[in-house]
Structures are given as structure tokens and as C-alpha cells.
Amino acid sequence: MMARADAVAKLDRAPRALIDPFQRAISYLRVSVTDRCDFRCVYCMSEHMAFLPKADLLSLEELDRLCSVFIGKGVSKLRLTGGEPLVRRGIMTLVKSLSRHLESGALKELTLTTNGSQLTKYAAELKACGIERINVSLDTLDADKFRAITRWGDLGKVLEGVDAAQAAGLRIKINAVALKGVNEDELAPLLEWAHGRGMDMTVIEVMPLGDIGEERLDQYMPLSMVRARLAERYTLEDIDYRTGGPARYARVKETGGVLGFITPMTHNFCESCNRVRLTCTGTLYMCLGQSDAADLRAPLRASDANDRIDAAIDEAIARKPRGHDFIIDRRHRRPALARHMSVTGG
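This structure is a prediction, so every number in the text was calculated from the model and none was measured.

Participant: Lay out the sheet that holds strand E1 (residues 28-32) in plain terms, naming residues and giving numbers.
Facilitator: Strand order in the open sheet formed by twelve strands is E7-E8-E9-E6-E5-E4-E3-E2-E1-E10-E11-E12, and the pairing between neighbours is mixed. The strands lining the two open edges of the sheet, one partner per strand, are strand E7 (236-239) and strand E12 (293-295). Neighbour to neighbour, the strand axes of the sheet diverge by 25° on average, direction disregarded. Pairing of strand E5 (residues 171-178) with strand E6 (residues 200-205), which is carried by six bridges, proceeds in the parallel orientation. Bridged to Ile 174 within E6 is Met 201. The sheet strands contacting helix H3 (residues 91-104) are strand E2 (77-81) and strand E3 (109-114), and the helix crosses E3 at an angle near 145°.

Participant: Let's hear about the pattern of salt bridges: which residues, and what values?
Facilitator: Inspection of the entire model under this criterion finds 16 salt bridges. Between Arg 301 and Glu 62 there is a salt bridge; the shortest N-O distance is 2.8 Å. Of the two residues, Arg 301 is situated in helix H10 (residues 297-302) and Glu 62 in helix H2 (residues 60-72); the sequence distance between them amounts to 239 residues. Asp 292 is paired through a salt bridge with Arg 319; the nearest N and O atoms lie 2.9 Å apart. In this pair, Asp 292 is assigned in the loop between strand E11 (283-285) and E12 and Arg 319 in the loop between helix H11 (307-317) and helix H12 (341-344), connecting sequence segments 27 residues apart. The structure contains a network of salt bridges with shared partners spanning Lys 73, Asp 310 and Asp 314.

Participant: Please give an account of the pairing of strand E4 (residues 133-137) that cites residues and values.
Facilitator: Each regular strand shows side chains that alternate between the opposite faces of the sheet. With four of five residues buried, E4 is to be regarded as a mostly interior element. Examined bridge by bridge, E3 and E4 share two bridges and lie parallel to one another. What sits directly across from Thr 114, in E4, is Val 136. Regarding the hand of the β-α-β motif, the stretch spanning E3, helix H4 (residues 119-128) and E4 is right-handed. Examined bridge by bridge, E4 and E5 share five bridges and lie parallel to one another. By the bridge assignment, Ser 137 is partnered in E5 with Asn 175.

Participant: So what's going on with the packing of aromatic side chains? Residues and values would help.
Facilitator: Taken as a whole and judged by the stated rule, the model has two aromatic pairs. Taking the centre distance of 5.7 Å and the plane angle of 85° together, the rings of Phe 39 and Phe 146 count as edge-to-face. Of the two residues, Phe 39 is situated in the loop between E1 and H2 and Phe 146 in helix H5 (residues 143-150); the sequence distance between them amounts to 107 residues. The class of Phe 39 is buried, set by a relative accessible area of 5%. Classification of Phe 146 by relative accessible area gives buried; the value is 3%.

Participant: Provide a residue-level description of the pairing of strand E8 (residues 248-252), including the pertinent values.
Facilitator: Pairing between E7 and E8: four bridges, direction antiparallel. From the neighbouring strand, Asp 238 faces E8, where its bridge partner is Ala 250. Hairpin geometry of E8 and strand E9 (residues 258-262) is characterised by an intervening segment of five residues between the two adjacent antiparallel strands and by a positive phi of about 80° at Gly 256.

Participant: An account of helix H6 (residues 155-167) is needed here, citing residue identities and associated values.
Facilitator: Because each turn of an α-helix spans 3.6 residues, side chains separated by three or four positions end up pointing in the same direction. With 13 residues, H6 should cover 18 Å at 1.5 Å per step; its first-to-last C-alpha distance of 18 Å lies within 8% of that length. All buried positions along H6 are accounted for by Leu 155, Val 158, Gly 161, Val 162 and Ala 165. In a view along the axis of H6, the buried residues occupy a sector of 115°, so they form one face of it. At the N-terminal end of H6, a side-chain oxygen is found 3.0 Å from the backbone nitrogen of Gly 156, two or three residues along, and the residue is Asp 154. Where H6 ends, the next residue or the one after it, Gly 169, has phi of about 95°, a positive value.

What counts, and at which threshold
- Residues numbered from 1 in each chain as written.
- Predicted model: local features only at pLDDT ≥ 70, side-chain atom pairs only at ≥ 80, totals over all residues.
- Heavy atoms only, no water.
- Pairing = 2+ DSSP bridges.
- Helix = DSSP H or I, 4+ residues; strand = E, 2+ residues; numbered from the N terminus.
- Axes fitted to C-alpha atoms, helices over the stretch in contact; angles between N-to-C directions.
- Contact = heavy atoms within 4.5 Å.
- Salt bridge = Lys/Arg side-chain N within 4 Å of Asp/Glu carboxyl O.
- Buried < 20%, exposed > 50% of the residue type's maximum accessible area, 1.4 Å probe, protein only.
- Right-handed = clockwise from strand over helix to strand, strands pointing away.
- Phe/Tyr/Trp six-rings, centres within 6.5 Å; stacked < 30°, edge-to-face > 60°.
- Expected span 1.5 Å × (residues − 1).
- Arc of directions from axis to C-beta.
- Polar contact = N/O pair within 3.5 Å; in protein donor to acceptor, adjacent residues only side chain to side chain.

What follows is the structure in C-alpha cells.
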């Protein structure tokens, strides 16, 4: 009888699972470890970006603690993002620490999204920490165009990073943002290059965040158009394939590879959303396309116990909206949200 009472008491003390108001289980946390990046991609940040003072950032130990609380509440997939996560000083200390949750089985996957510029340095170490696959953002294989999109990125360095990652045994998915008039004619060659190297690829609609001028409006390209053009050249067979993210996938019969489509504008994925985003300052966004957020830094620093963090997370998840409000506003030339993608986390 006493053993049963102890078991019930232990369950009562266990952190509550994260279920939002629409009965969606929140099992995926994206963590921006820094707002800084060594590129300035036109759809992600402004050319003269004002970065956060380093004093405002959570320490790596604080990020680890917050992530661990989420994992204790049922998060089973954790993705490190930025900015560019691999430019954060000491980042591998955090990766190594979080890998203990892979070893315990509490975390099913630890992964990251990167621009590839630092992979030559870190690929083998990432693999050694239990990371099995990564996403690499790459919109073109044209060196001049790559420099224009990233404002000063070096394509050669990124391709060397891809080589290093594959040599280390990491699986790679290429993420390409479809930009009308910029890379729309390169998506097929990029697809063949990726699949030819055994990498999946996902195409993403440009999102209306940050600076939205005439050029950005004109670059918006619905993926229905992208898919229709690709279907003229390839046989696309829809498949029931999931990686925990928002993409819908098809297999390309001619290449044998997988092609994903992320369509926040034309066909949102909100009904199955299982994600929240944590910034490097401890701000939790329950939806990428909404401005509502919760401060986790204050409860984190208020006590060495996690009770206040648990309560703050529960209160935030209770406010998670049904979906986002993305729209390309051509009349007023304004973004759906004024914050840049790099502030929230890619």
C-alpha cells in the first residue's frame, strides 16, 4: 500500500506533459543558441543587423537547463538553430551536454540547422555527440548568386563543409528557399545535385518577416508553382514520410530521392503543429507567425529549482494559437511580423 502511495506521489510531482489548447502534443523544441551569423541572407536579416549585447544572452549552462526542463516535459526532438549555431563560442560544450539525453533515451533526436560554413571544423565532433542528421541551408550552386543572396558568403567553404559532414557519416537535408527571379531556374539542378549525393532536399516558401520591400514581395513564389514546374520534368509521388517538422514529402521517381515542401503561405501546416521556439535570450515563441511570447529567463534565474520554469512553460503552452497569420501584404508593403527570422531562430 505504501509503495502504491509513493508511486502516486511521484506521478503528482512529475512535470505535466505539454498539450496545447487544441490537443496537440508539443514534442519538438527549436532552440536559437545565438542571433549572430557569418552570413546576412536577404530573407533572414538586414544587411547591417544590430545584434543583441552578449550580456543579454543565456549562458550555455542556462540553455542546457531550459532544454532539459522541456525534455522532462515530453519534448523528444531538439533542434539547435541561430543565427548560425556553430558560431556560438563553446557551442560543442552544449551539444555534448545535451547528448546525455540521447544516451538516456529521453531525447529521440538532437539535430541542428546550419549554413554549412563551420562544418569542416565541427562535423566529426557533431557526429561523435550522437547527432545523426543535419539541415544545411543552401539556395544556389552559383557562387556569384550565392554571395549575392548571403551578401558575403563563400560557396566553396559551404561545399567543403558538406563534404566533411558526409565524410563524418552525417545525413544531410538541403533546405532551399524559393526566390522568384533569383533561383527558380536552379531548383531542378539543385535537386539533382542533392539527390545525386544521397541527400534529401526541402523547398521553402519565403516568409514575410523582417524587412519587406518591393524586392522581397516580388521574390515570393508559391510552391504550388514550383511543384508544377518540377512535375513537368520529374515524377513526384506523395509519400507518408515525417521527420517531426512541417514539410510534406514526395519521392522523385527519376532520382530515387525525397523532396519536401514547406508552405507557410499557400498551405499552412498549423493543424499538426508540434513545435515551439526558444530564443537565445530565453524568450519562448509558441508560434513563428505570432508575436505572443513568454519570458523564461526570469523564472530561470529566480531559483535553482525548476518549479517556476515548469509553471511558466505550462502557462505559455496554454496560449499556443491555432495557427499563424502570414500574408504577403502588397498594399501596405509591410511584413506579417517586424522581427527578423534570425531573432526567433531559423
